[in-house]
Amino acid sequence: MLFEEKIPEKLIGSDGLRLDGRKLDELRPIKFEVGVLSQADGSAYVEHGKNKIIAAVYGPRELHPKHLALQDRALLRCLYRMATFSVSERKSPAPSRREAELSMIITQALQPAIFLEYYPRTSIDVYIEIIEADGGTRCASINAASLALADAGIPLRDLVAACAVGKADGQIILDLNDLEDKYGEADMPMAMLYRRGDVTLLQMDGQFTIEEFNKALELGKTGISKIYQLQRDALRNKYLSIRDEVADESEVKVEITKEVEENE
Amino acid sequence: MLFEEKIPEKLIGSDGLRLDGRKLDELRPIKFEVGVLSQADGSAYVEHGKNKIIAAVYGPRELHPKHLALQDRALLRCLYRMATFSVSERKSPAPSRREAELSMIITQALQPAIFLEYYPRTSIDVYIEIIEADGGTRCASINAASLALADAGIPLRDLVAACAVGKADGQIILDLNDLEDKYGEADMPMAMLYRRGDVTLLQMDGQFTIEEFNKALELGKTGISKIYQLQRDALRNKYLSIRDEVADESEVKVEITKEVEENE
Amino acid sequence: MLFEEKIPEKLIGSDGLRLDGRKLDELRPIKFEVGVLSQADGSAYVEHGKNKIIAAVYGPRELHPKHLALQDRALLRCLYRMATFSVSERKSPAPSRREAELSMIITQALQPAIFLEYYPRTSIDVYIEIIEADGGTRCASINAASLALADAGIPLRDLVAACAVGKADGQIILDLNDLEDKYGEADMPMAMLYRRGDVTLLQMDGQFTIEEFNKALELGKTGISKIYQLQRDALRNKYLSIRDEVADESEVKVEITKEVEENE
Amino acid sequence: MSEVYKIVSEIERNQIIAKIAKGKRLDGRSLDEYRPIKIETGIVSKADGSAKVELGDTKVIVGVKVELGAPFPDTPDEGVITLGAELLPMAFPTFEPGPPNFDAIELARVVDRGIRHSDIIDRKQLCIIPGKKVWILFVDIYVLDSDGNLFDASSMAALAALKNLRLPDVKVTGEDVELIKDSMKPIPLKGKLAAVTIAKVGDYLIVDPDSSEERIMDGRITVAFNEEGKICAIQKGGESSFRYQEIQKAIILANKSSEKIFSELSKVM
Amino acid sequence: MSEVYKIVSEIERNQIIAKIAKGKRLDGRSLDEYRPIKIETGIVSKADGSAKVELGDTKVIVGVKVELGAPFPDTPDEGVITLGAELLPMAFPTFEPGPPNFDAIELARVVDRGIRHSDIIDRKQLCIIPGKKVWILFVDIYVLDSDGNLFDASSMAALAALKNLRLPDVKVTGEDVELIKDSMKPIPLKGKLAAVTIAKVGDYLIVDPDSSEERIMDGRITVAFNEEGKICAIQKGGESSFRYQEIQKAIILANKSSEKIFSELSKVM
Amino acid sequence: MSEVYKIVSEIERNQIIAKIAKGKRLDGRSLDEYRPIKIETGIVSKADGSAKVELGDTKVIVGVKVELGAPFPDTPDEGVITLGAELLPMAFPTFEPGPPNFDAIELARVVDRGIRHSDIIDRKQLCIIPGKKVWILFVDIYVLDSDGNLFDASSMAALAALKNLRLPDVKVTGEDVELIKDSMKPIPLKGKLAAVTIAKVGDYLIVDPDSSEERIMDGRITVAFNEEGKICAIQKGGESSFRYQEIQKAIILANKSSEKIFSELSKVM
């Protein structure tokens, strides 16, 4: 970072809009692309605000070293890494604790979605590379990884969609960007199997009253529903031509052709 | 260490007493507690002067990775670690060479006491944590580990008791504290299977004439005999109620109920 | 390095000789000794200019960890290490990237010479220690390792001989020393199975026109032929007494008794 | 001797759930009841602050060491608090020696986030010369005996050790900092912090799971509150999901249970 | 799904060679033909310079970050260029996470040596205060998708990212260096660099091998040329040898093929 | 070719003991006899001091490199001696590459402790500006060929390399240190040091065990003496114990054997 960042005085303007012009409950522009790599079994690219992230999936495949293999299900392993140039201050190429932590958090967020029991003794490896980071990389990574899993043909209970909510200048806001993450009052990343109503990721830093928490939780769910829709659109675009086969396997594959919205 | 330590001018006063008021051949106050942890198979806590040390034992148990297993006996593994706040200058949490070295020294000091051949292909793991250090941690660790092994029901030829001797202001002294260790003229940690007369640890740093060495060796043995008695008392207190069963197994277990003193 | 090295103004004098008095196409003094260690299966010592290098070979032997074993041939592993005091500026004892890289380069240079397929599932380990370095250690290491392999009785298609060529003051020169390596205009280490005409190592740094490259390649081959002869002399001296047995196995062993020079 | 702890029979799980369905747990506690809590401070004389917490059989020691050092460039007028955690291999049969694994990192992070966002410590008060010299606090958690719920025990121990911390007065001359002997004082803490862990077992939520309950639980959520009842940190853990409504219930339950922690902390703070 | 990529049947090898003997390759290319090349620059806004290269299905991203720092003691008046490479595990089934292995180190070294010896960058222009402050350029290569010939793709991407690099003007007062905002300028590059990789397959030499060709090739040689046609770096790789005459032929073939690279680079430089 | 060295038959052990019981060893030596010792110094011109020792087939090289640096805070007026050891994988079939294992650490520590406590080197003479600049000596032991008794061979080699060490005169101006060219001088050593290793084989004590004796020995004790006959360091090694009286006998035997070492060292010092 050659020049120092100015700390913003306010995160929400007098017009009720955020510094990047968004409304409080508005998502950043999101772009999903599925099947972007030639060697991986599945892959997806996401642009979410200025975040640029690639996720790729290999597996189910034989697992090395073998003693890690689970007898009754596949082992899901996610690896979250940041490119050295993805952030303002150059990141050391050595793996950081934060990367190890987020890798595990993302694994936990994806795990409930996968029928791991179908593939005992194998591994499913999810590799995530942050090309450029702009706040909310863990949620954007989950969104990309979820699409890459579907692209690899891994049987899923549902897509996992993720989004952060938080607080800035006393207001509950959706999908925090970098500045809001750093200078806001609370940040709460969430992930859900949206149609099932299952929360697979929930973390929070900052300060919320219980009322604020409940409001944030609700707003998060709304944001997730929109992202979920975008994910399905991206898959549909890719699989338009093979819709029929997929529909037949709908029990174990993501049902991308039906518009079911059965939430609690 | 916020404030620098003053280097003492003399370690032994004109009254013939040491800076902490002890006589030349006097041990520091020692407290042993057996069975202090809920999960470990055996455990012991020792306070020796200001040293505070916990030792715990797991095993005999299946060994990972398997290729380390010995076909004809159990593998004894001791791990000596210091808490970051156990010493004046904060210790880095990364394992140091000194910790690796002491782990091996302690393993060698305990090994001759254990009937390892009874449990081929297993491991016996001894974990030692220095909560607070005050000179002589290796000997105090051996004393604690020996009790933890007995508490775990591991068959022992004898308890291992350990103590240092050394030289300060030209005099042979017993059980060096931190200052005597640092500013004295010689330090010689010893460990013995006391009743068998077997020396399992002997190291020395400093300068001894051969006469001084022989005198020190004798004084060390005397100190060890006292510590050995304290160890047995600690075990007896713990096992008072189960004395009879233990007595029956006396061949392979520590004979804590008989007062045999058959030394050379 | 206590005193700074002076950068030479010229590498080739007005008399057409190099700073160390050599002609452009002249090798440094080279000394080979075979069978210098008692424990290794084969070993060799080389002095090449001021380079002092020992190479030792163990194998074919059982390989740990086993999952590295190759089903159809032996695994060749070379390890190139520099002593801390082998260079002007003390080298850290930790393995460097350069050492890892050279280990692999040397492995690749030796591999085509060995009948690895004779010993499936085993390893052949080549250990190289640079006692003193003076430019061209990778080539001198290959020469020493090749002799150590022969000394260990490993069946070879041919000895590997290596030498660097380069450019200094616009002239193509043979066997660069430290200064020529550092301040010259190009450096090109080569290794060959000389009699077969196979090039197993070729690297280049600097600037060559294609004409210069061709000239350098030819000069390198000439240097290699001389080194190859010295290697065979060293082996012959060692094996004079066992000449007859070796000759019988000449198909799979180095043919050190015949003076065949069948190059392309 | 050692048993294989990782494999849990369905039987054990069913026993625990059957009991919970009747409002009780294997050790007799009600679903929202903590085990006995014991907090001691000042247990390591070479540490600048220290505490030991026993939560049932779970035992955690925290020591604090301080150094003078440079602040982070982006917070030049704030001291630094560095929190680490070690799950000692003596604490549980499956804990292994080696660098901190995910569980240890998560433990340290959750305690750190609770302390950080509760604003208990005013980091600015740890600044001596802005941009140059600040107090650096190394807070190290050692888990000695692991019978479940390390988050809550470690949070309490860290807080008690910080309360026990003593710093000397300083005399600043230009850029020179002199420490005044015999002037050790505690640092001011604003209020307290309670981390409360709720486990999900089948359709039930229970407070303060022990190690047998952790083995069979479906999920876990830890919520840290400050004394005003504000949430300062949340961490959902484990490999399973919570239903949306369970999240809301867990927050309420955690809030209620935080009273017990505050009351225990009051005894030493 | 995933297949075992390391084991290649003799059949595959024979198919590829049979085709090559007729002057064609499996994907229809002639022996001296490159796959389509696509170069984009400025793709990462947080990097100080960046580029993405697609060579067929091979995809490489390079980002450059700059810092002010001290020069190396033996070159006090030169800036520093540090080149690293990661073969991301997403790029190929057998690539594994972990510290750079030999393949990654070799890739970085070959690109580095090409750039260094081609004299494209005058390191002296990266010096600000001799012996004290110079620009340090961290050039990091990330291989995202590995369908063969990473050397040539990475060299192009590194060069394009350096071309895309912007540095601010500086104002030097004594030993203080002030960076001038809104003064970002490219650094002057002297000419271009083309790394060309030739694979040996049986008795044939082919340009720009894809991953299926790399699996069955007998050897590989990479030659870097500057725009004057001078060789700046050579690296023979692989576990097999080249015949003496093959080396000479490969150099000629590489020289001829470098034109294609220069022409693609011209589009962005 | 390679054999499994770790497994030793009872037969081999019995053979060696039977021989020893008659006062002889397999290679014909008496129980208190050293193998031939050969010491060379100045063998590495890039080292500031170096030596090679052959003890029978055991071969050890030691090199010393010096640097100017800061002293340790607690000994501001003393130079620093840093001793390292590598058991090169070429030296013995079971030695493996990698960071120093316990055997290597122990070797370095025992040599270090002998040198340190024998007061051979006055560290104060290595001080240039108290608290600021001192000589730092890196003494690195490389075991090339390991046929037993590395302790004694390495101690001799380290001592000989230190004797061979040359340091330049220095000129101090304020805090500037200038090294004077062509003024290299040895450092003054006070006396000599002899490390003597005694192996216990059954009920016998033998001096200078070779590798076949080390494989079957029950224990080992190394005692370092200075020239006045004072003990400066002791290290009992191995996994077995010594009887109390054996310790006393071993010390006497070691003391007697130290004469041989002193006499060999006298040839080069």
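(A) Layout of the overall build of chain D. Within chain D one finds five helices and 15 strands. Since a compact globule built from 269 residues should have a radius of gyration of about 18 Å, the 20 Å found for chain D is in line with a globular shape. Expressed along its principal axes, the backbone C-alpha trace of chain D runs to roughly 70 × 40 × 35 Å. For chain D, buried positions account for 59% of its 269 residues. Intrachain contacts of chain D at a sequence separation of at least 6 include 69% that bridge at least 24 residues. Here chain D has roughly 10700 Å² of accessible surface; of this, 50% comes from carbon and sulfur atoms. If the 37 positive side-chain charges of chain D are averaged to one point and the 42 negative ones to another, these points end up 3 Å apart.

(B) Quick peek at the confidence of the model for chain A. In the predicted model, chain A carries a mean pLDDT of 91, and 90% of its residues have values of at least 70. In this model, residues 244–264 of chain A is a region of pLDDT below 50 whose contacts with residues beyond four sequence positions or in other chains number 38 contacts.

(C) Fine view of the pattern of salt bridges. Evaluated as defined, the whole model comprises 144 salt bridges over all chains. Salt-bridge contacts for Glu213 of chain D lead to Arg25 of chain D; the nearest nitrogen and oxygen are separated by 2.8 Å. Taken together, the residues Glu213 of chain D in helix 4 (residues 211–216) and Arg25 of chain D in the loop between helix 1 (10–21) and strand 1 (37–41) connect sequence positions 188 residues apart. For Lys192 of chain F, the salt bridge is made with Glu227 of chain F, and the minimal N-O distance between the two is 3.2 Å. You can see Lys192 of chain F sitting in the loop between strand 10 (185–186) and strand 11 (193–201) and its partner Glu227 of chain F sitting in the loop between strand 13 (219–226) and strand 14 (231–237), a full 35 residues away along the chain. Counted as one network, the salt bridges with shared partners bring together Arg18, Asp20, Arg22, Arg28, Asp134, Asp175 and Glu180 of chain A.

(D) Main features of the packing of helix 1 (residues 97–110) of chain C against helix 2 (residues 102–117) of chain E. It is at 10 Å that the axes of helix 1 of chain C and helix 2 of chain E come closest, and there the two elements cross at 100°. Relative to helix 2 of chain E, helix 1 of chain C is oriented roughly perpendicular. Counting all contacts with helix 1 of chain C, which are made through Arg97, Ala100, Glu101, Met104, Ile105 and Gln108 of chain C, the residues of helix 2 of chain E involved are Phe102, Ile105 and Arg109 of chain E. Residues belonging to the contact of helix 1 of chain C with helix 2 of chain E are distributed by class as follows: five nonpolar, one polar and three charged.

(E) Structural view of the packing of aromatic side chains. As enumerated under the stated definition, the model contains 18 aromatic pairs over all chains in all. Residues Phe85 of chain B and Tyr142 of chain D carry aromatic rings whose centres are separated by 5.4 Å and whose planes lie at 90° to one another, so their mutual orientation is edge-to-face. Residue Phe85 of chain B is found in the loop between strand 4 (75–82) and helix 1 (97–110), and its partner Tyr142 of chain D is found in strand 6 (residues 133–145); the two belong to separate chains. Accessibility expressed as a relative area gives 2% for Tyr142 of chain D, which makes it buried. Note on Phe92 of chain D and Phe95 of chain D: the rings are 5.4 Å apart at their centroids and 45° apart in plane angle, and the pair reads as tilted. Cluster of aromatic residues (ring-pair linked, three or more members): Phe115, Tyr118 and Tyr119 of chain A. A cation sits over an aromatic face here: Arg157 of chain A above Phe115 of chain A, 4.3 Å from the ring centre.

(F) Representation of the interface of chain B and chain D in the model. Listed as interface residues are 39 residues of chain B and, on the opposing side, 39 residues of chain D. Taking both sides of the interface into account, the surface hidden between chain B and chain D amounts to around 3100 Å²; carbon and sulfur atoms contribute 60%. Contact with chain D buries area across many residues of chain B, yet Leu2, Gln39 and Phe85 of chain B alone supply 25% of it, more than any other trio. One can count two salt bridges joining chain B with chain D. Here Asp140 of chain D makes a salt bridge to Arg90 of chain B, at a shortest N to O gap of 2.8 Å. Where chain B touches chain D, the interface holds 14 residue pairs in polar contact (both at pLDDT 80 or more). Where the side of chain B that touches chain D is concerned, the elements lending two or more residues are strand 3 (51–62), strand 4 and strand 5 (122–132) of chain B. Among the elements that line the side of chain B that touches chain D, the one with the most residues is strand 3 of chain B, at seven residues. Per-class residue counts for the side of chain B that touches chain D are 20 nonpolar, seven polar and twelve charged.

About the thresholds
- Residues numbered from 1 in each chain as written.
- Chains lettered and ligands numbered in written order.
- Predicted model: local features only at pLDDT ≥ 70, side-chain atom pairs only at ≥ 80, totals over all residues.
- Heavy atoms only, no water.
- Helix = DSSP H or I, 4+ residues; strand = E, 2+ residues; numbered from the N terminus.
- Rg over C-alpha atoms; globule rule 2.2 N^0.38 Å.
- Buried < 20%, exposed > 50% of the residue type's maximum accessible area, 1.4 Å probe, protein only.
- Contact = heavy atoms within 4.5 Å.
- Areas by Shrake-Rupley, 256 points an atom, 1.4 Å probe, with all protein chains shown as cover.
- Lys, Arg positive; Asp, Glu negative; His and termini not counted.
- Charge placed at Lys NZ, Arg CZ, Asp CG, Glu CD.
- pLDDT = per-residue confidence, 0-100.
- Salt bridge = Lys/Arg side-chain N within 4 Å of Asp/Glu carboxyl O.
- Axes fitted to C-alpha atoms, helices over the stretch in contact; angles between N-to-C directions.
- Parallel < 35°, antiparallel > 145°, perpendicular 65-115°, else oblique.
- Nonpolar A, V, L, I, M, F, W, Y, C, P; charged D, E, K, R; others polar.
- Phe/Tyr/Trp six-rings, centres within 6.5 Å; stacked < 30°, edge-to-face > 60°.
- Lys NZ or Arg CZ within 6 Å of the ring centre and 35° of its normal.
- Buried area = accessible area lost by both parts, 1.4 Å probe.
- Polar contact = N/O pair within 3.5 Å; in protein donor to acceptor, adjacent residues only side chain to side chain.

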